[in-house]
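Fold and geometry: a report
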Amino acid sequence: MTTTNTFELPGSYKKWTIGLIAAGVIALLYGVFMFHPWEVGHGGEHIQSTRFWSVLLQNSVFFLLIVNASMFFIGVTTLAQGGWQVALKRVPEAISSVVPVLGLIAFVILMSIVWGGHHDIYHWVDKDAVAHDHILNGKKGFLNPVFFSVWSAITVLVWWLLGKKLRQLSLDSDKGGTMDYETGKKWIDKNFLYSSLFIVFFGLTVGSTIPWLWIMSIDAHWYSTMFSWYTFASSFVSGMSLIAIFVIFLKNRGQLPYVTDEHIHDVGKFMFAFSIFWTYLWFSQYMLIWYANIPEETGYFKIRVQGPFRGIFFLNLIMNFVLPFLILMKKSTKRNWTILTVTAVLIIFGHWIDFWQMVMPGTLKDHAELMPFEFGIAALFIGIIMWRVGAFLTKHPLTAKNHPYLKESMIHHT
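One numbering rule holds for all chains: residues counted from 1, following each sequence as written. At least 70 in pLDDT is required for a residue's local features to be given in this predicted model, at least 80 for side-chain atom pairs to be given and counted, and no such filter applies to totals for whole chains, interfaces and linings, which use all residues. Each side-chain value is derived from all of the structure's non-hydrogen atoms; neither hydrogens nor water enter the calculation.

Concerning helix α10 (residues 261-292)
- Only DSSP runs of H or I covering at least 4 residues are called helices, and only runs of E covering at least 2 are called strands; the numbering of each starts at the N terminus. A helix is expected to reach a length of 1.5 Å times the quantity of its residues less one. Helix length check: α10 (32 residues) gives 46 Å between terminal C-alpha atoms against 46 Å at 1.5 Å per residue, within 8%.
- Positive backbone phi, at 55 degrees, marks Asn293, one or two positions downstream of α10.

Okay, structure coming up:
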């Protein structure tokens, strides 16, 4: 197969994309007509409506955060003056191009829940409940529809604008030819500036406020200072796994000529390291709450550890720590494309389960079963990601040939 710097999507990729989106649309329509999402339940009433919005919330937030993790990867490697990633840089750029689409979808879903009065999802949207609940009343300064909406809109907009600027800077390097020292320095400085802005804002959102608002406020009586980092770790390791899948896909199609087993090995290192980091946060959060045994903290884990979600809770630990740890421990498995791809799929599915068990116990209560509807909606979001990533890869060169650090990436040895 001839290697070029342009790419044409194979027919099988297009068929899978269309098939997943079609399956997702069918699932969505089924949910609209069968689950009556306009109804709001009280104490388990209209549980199917609650499931409908919970599933949309879980999937939209999870997939938005993992595609946004690609821009975080670009930002931190830029600030670290990394060169090894340049050979595969267009892959995370392509993935991050999905942020505007999924950001808009997630925002619409969040606004529909909050302004639609779905207090079965977010209890704090019920003004009467807030007025008679001293805990909710104490948090109403930030747990209110106006603040929630404004900060969510600003968050998605800034993610989109800064990500777009960094992608455009990268693509501009393709047009100007080989850079001399001064031109290259100015271009690198611009990348530093916008990467810095993105990382700072990422810390203010994914690293703190957004997981509190979008997910933790489902269980508004409970809080954890580790929750945002836990959510970040889950989304970032999934994001690195998604990068691995697309890099290996392109390598199998004869593309990305400067990407070697050394680069793929390093992506596998990220997957391995952040699986352990996620586990460290999982254990720290659980152990401290278990050890303190304070009633207002233990309620969050009681339904997950002793209630109907017990199986999912421990499956989550097996899929996201035990299996990745055992599989990726050896150097050879991080260089085996088939094993790494299977492990990447496992990690993404495992952390999809992780987000499911973050959301559902607080909304569905005792209704812990996974339904085909959940997988159908996940298929819709996967199809959208494939569609947008495929569009980016076919429109732009696959290698940033004029990047000042490309030579360093070409001779990279881990």
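Regarding the packing of helix α8 (residues 181-214) against helix α9 (residues 227-252)
- The interhelical angle for the contact between α8 and α9, taken along N-to-C directions, is 110 degrees, at an axis separation of 8 Å. Taken as axis vectors, α8 and α9 run roughly perpendicular relative to one another. The interaxial crossing formed by α8 with α9 has right-handed handedness. Judged by residue contacts, Phe202, Val206, Gly207, Ser208, Pro211 and Trp212 of α8 engage Phe227, Ser228, Trp229, Thr231 and Phe232 from α9.
- Residues were grouped as follows: Ala, Val, Leu, Ile, Met, Phe, Trp, Tyr, Cys and Pro as nonpolar; Asp, Glu, Lys and Arg as charged; and all remaining residues, including Gly, as polar. Here the contact of α8 with α9 is built from residues that sort into seven nonpolar, four polar and no charged. To get an axis, a line is fitted to the C-alpha atoms, and for a helix only the part in contact is used. The angle between two axes follows their N-to-C directions and goes from 0 to 180 degrees. Throughout, the term roughly parallel applies to angles under 35 degrees, roughly antiparallel to angles over 145, roughly perpendicular to angles from 65 to 115, and oblique to all others. In a left-handed crossing the near helix is turned counterclockwise from the far helix by less than a right angle, and in a right-handed crossing that turn is clockwise. A contact between two residues is defined here by any heavy atoms of the two lying within 4.5 Å.

Structural notes on the environment of Leu157
- As for its placement among the helices and strands, Leu157 is situated in helix α7 (residues 145-172).
- When the C-alpha positions of Leu157 and Val99 are compared, they lie 9.6 Å apart, and in sequence the two are 58 residues distant.

Here's the deal with helix α11 (residues 295-305)
- The rule is simple: take the accessible area with a 1.4 Å probe, protein chains only, and divide by the maximum for that residue type; under 20% is buried, over 50% is exposed, in between is partly exposed. For α11, the set of buried residues is Glu297, Tyr300, Phe301, Arg304 and Val305. Mapping the buried residues of α11 onto a view down its axis gives an arc of 115 degrees, with all of them on the same face. In this structure, α11 carries Pro295, Glu296 and Lys302 as exposed residues pointing more than 90 degrees from its buried face. Directions are taken from the helix axis to each C-beta atom, and the arc is the one they span.

Re a nonpolar patch on the surface
- Patch membership is restricted to residues that have no salt bridge and whose relative accessible area is over 30%. Joining uses 9 Å for like charges and 5 Å for the nonpolar side chains Val, Leu, Ile, Met, Phe, Trp and Tyr. Per-residue and other accessible areas were derived by the Shrake-Rupley procedure at a 1.4 Å probe size, with only the shown protein chains allowed to occlude residues. We define a salt bridge as a contact between a side-chain nitrogen of Lys or Arg and a carboxyl oxygen of Asp or Glu at a distance within 4 Å. On the surface, Val25, Leu29, Tyr30, Phe33 and Met34 cluster together into a nonpolar patch covering about 520 Å² of accessible area.
- Position of Met34 among the secondary structure elements: in helix α1 (residues 11-35).

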